[in-house]
Amino acid sequence: PPTADPADFTHKVVGDLHWVLTSPHLLAPNAIVPTLPDEQAARIAARSHLWLAALDADPSPLLEFLQSQRNVRRLGFYFASLLEFWVRASPAIGVTDAERQLLVQQQVHEGLGGAVLGELKCVFAPSSADVRHWESHIKFFAFAGTPAADGGQADGDAAHRRLGSYVGPFLGENLLHRVLELQRKLAITDAPNVRSFLGRRFGRPQPLTAVKQESVLRGWLFYPLGSAR
């Protein structure tokens with residue numbers, strides 16, 4: 001299928017929608033947290049070419065959806081809402097009935113009346129595919145140091161040191177913190193009671209054994225001028 005370029009779109013909001021799925025993941029595919037592969041995201045976007053073109057001709061469905069969401073003037077909420085619109089409306093993803101096949105911002109508690117363990121940002125169940133769990137962030141980090149040499153390994157303490165070298169705008173925030181948070185949130189769908197709930201919610205055979213967990217981490221990494229990446 002033909003691919004689109006952000007410059008192809010007349011309406012900025014449609015270009016933003018395209019960017020949400022087609023911009024590179026901030027992490028490598030073999031990172032310490034599961035990722036939505038860039039190649040897979042690009043295939044979804046390519047198969048959605050005619051849908052994106054129709055939205056660019058008439059963006060009212062997208063604009064109406066955004067107006068129904070809270071805090072979309074804040075970047076993180078805007079990003080999450082655009083990603084949710086992909087799941088709800090793109091014909092390439094295969095959610096044909098969002099009321100039955102999509103779950104967003106679902107709080108998970110530790111037992112009846114227990115403390116909140118977390119929130120499932122986006123879980124969906126295309127008709128002929130596994131249940132999928134997406135956790136997403138858009139973040140900006142600056143490289144603030146040289147991590148210790150690690151022989152090219154991508155796991156363990158060396159990987160943690162590398163990720164910790166990218167710092168965010170808030171005190172104590174860095175890329176390692178964000179990755180560990182993504183790990184924690186994705187792992188919520190490993191819990192047996194959550195799997196049972198999702199099986200009932202999506203009408204899947206019990207016990208639900210397959211949940212495809214993927215992070216969608218977008219943004220920018222900034223480096224000092226002249227530094228080697």
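The rules we used
Counting of residues starts from 1 at the beginning of each chain's written sequence and follows it residue by residue. Since the coordinates come from a predicted model, pLDDT governs what is reported: local features require at least 70, and pairs of side-chain atoms require 80 or more to be given and counted, while whole-chain, interface and lining totals use all residues. Side-chain metrics in this entry use all non-hydrogen atoms of the structure; hydrogen atoms and water are not considered. Only DSSP runs of H or I covering at least 4 residues are called helices, and only runs of E covering at least 2 are called strands; the numbering of each starts at the N terminus. To obtain an axis, a line is fitted to C-alpha atoms, over the contacting stretch when the element is a helix, and the angle between two such axes runs from 0 to 180 degrees between their N-to-C directions. Roughly parallel means an angle under 35 degrees; roughly antiparallel means over 145; roughly perpendicular covers 65 to 115; every other angle is labelled oblique. The contact rule is simple, with two residues in contact once any of their heavy atoms fall within 4.5 Å. Residue type decides the class: Asp, Glu, Lys and Arg count as charged, Ala, Val, Leu, Ile, Met, Phe, Trp, Tyr, Cys and Pro as nonpolar, and the leftover types, Gly among them, as polar. A 1.4 Å probe that fits but cannot get out identifies a cavity on a 1 Å grid over protein atoms alone, an open set with protein on both sides within 12 Å along at least five of seven lines counts as a pocket, and a residue lines either if it has an atom within 4 Å of a point. Grid points are joined across faces, edges and corners, and a volume is the space filled by probe spheres set on the points. With a 1.4 Å probe rolled over the protein chains alone, any residue whose accessible area is under 20% of its type maximum counts as buried; one over 50% counts as exposed, and the rest are partly exposed. Note: two strands are recorded as paired if DSSP finds a minimum of 2 bridges between them. Each reported salt bridge corresponds to a side-chain nitrogen of Lys or Arg within 4 Å of a carboxyl oxygen of Asp or Glu.

Student: Help me out: how do you make sense of the environment of N71 in this one?
Tutor: Tracing the backbone shows N71 in the loop between α4 (60–67) and α5 (75–89). C-alpha separation for the pair N71 and S81, spaced ten residues apart in sequence, amounts to 9.7 Å.

Student: It is not clear to me how the packing of helix α1 (residues 12–22) against α4 should be interpreted in this structure. Could you clarify?
Tutor: Helix packing for two helices is described by the angle between their axes and how far apart those axes are. Remark: α1 packs on α4, axes separated minimally by 10 Å, with the N-to-C direction vectors making an angle of 80 degrees. Classified by the interaxial angle, the pair formed by α1 and α4 is roughly perpendicular. Within the contact between the two elements, α1 uses V13, V14 and L17 and α4 uses L62, L63 and L66. Residues that form the contact of α1 with α4 fall into these classes: six nonpolar, no polar and no charged.

Student: Just to check I follow, could you spell out the layout of surface pockets for this structure?
Tutor: Over the atoms rolls a probe the size of a water molecule, and in doing so it shows where empty space is left. Its boundaries defined by the atoms lining it, the largest pocket holds a volume of some 590 Å³. Lining the largest pocket are 25 residues, with G76, F77, A80, K121 and H137 positioned closest to its centre. Of all the elements, α5 adds the most residues to the lining of the largest pocket, at seven residues. Across the lining of the largest pocket, the residue classes tally to twelve nonpolar, four polar and nine charged.

Student: Teacher, can you tell me more about the pairing of strand β3 (residues 131–143) here?
Tutor: For a regular strand, side-chain orientation follows a simple rule: the groups alternate between the two sheet faces. Most of β3 sits inside the fold, with eleven of its 13 residues counted as buried. Here strand β2 (residues 116–124) folds back onto β3 in antiparallel fashion, the turn holding six residues. In this structure, β3 lies alongside strand β5 (residues 211–222), joined through twelve bridges in parallel fashion. Each residue of the ladder has a partner; that of V131, found in β5, is V211. Strand direction decides the pairing type here: β3 and strand β4 (residues 166–167), joined by two bridges, are antiparallel. Bridged to A142 within β4 is V167.

Student: Just checking my understanding: could you explain unusual backbone geometry for this structure?
Tutor: Leaving glycine aside, a negative phi is the common case for residues, and trans is the common case for peptide bonds. Residue N71 is not a glycine yet carries a positive backbone phi of 60 degrees. Phi at Q105 takes a positive value of approximately 50 degrees, unusual for a residue other than glycine. Position of Q105 relative to the elements: it lies in strand β1 (residues 102–109). By relative accessible area, which is 40% here, Q105 ends up partly exposed.

Student: I tried to follow the pattern of salt bridges on my own but got confused; where do I start?
Tutor: Side chains that carry opposite charge are capable of pairing whenever their charged atoms lie near each other. Within this structure, the stated rule accounts for seven salt bridges. The shortest N-O distance in the salt bridge between E173 and R178 comes to 3.3 Å. Neither E173 nor R178 differs from the other in exposure class; each is buried. A salt bridge links R184 to E181; the shortest N-O distance between them is 2.7 Å. Taken together, the residues R184 and E181, both in helix α8 (residues 175–187) and three residues apart, mark about one turn of the helix. One salt-bridge network, in which partners are shared between bridges, spans K139, E173 and R178.

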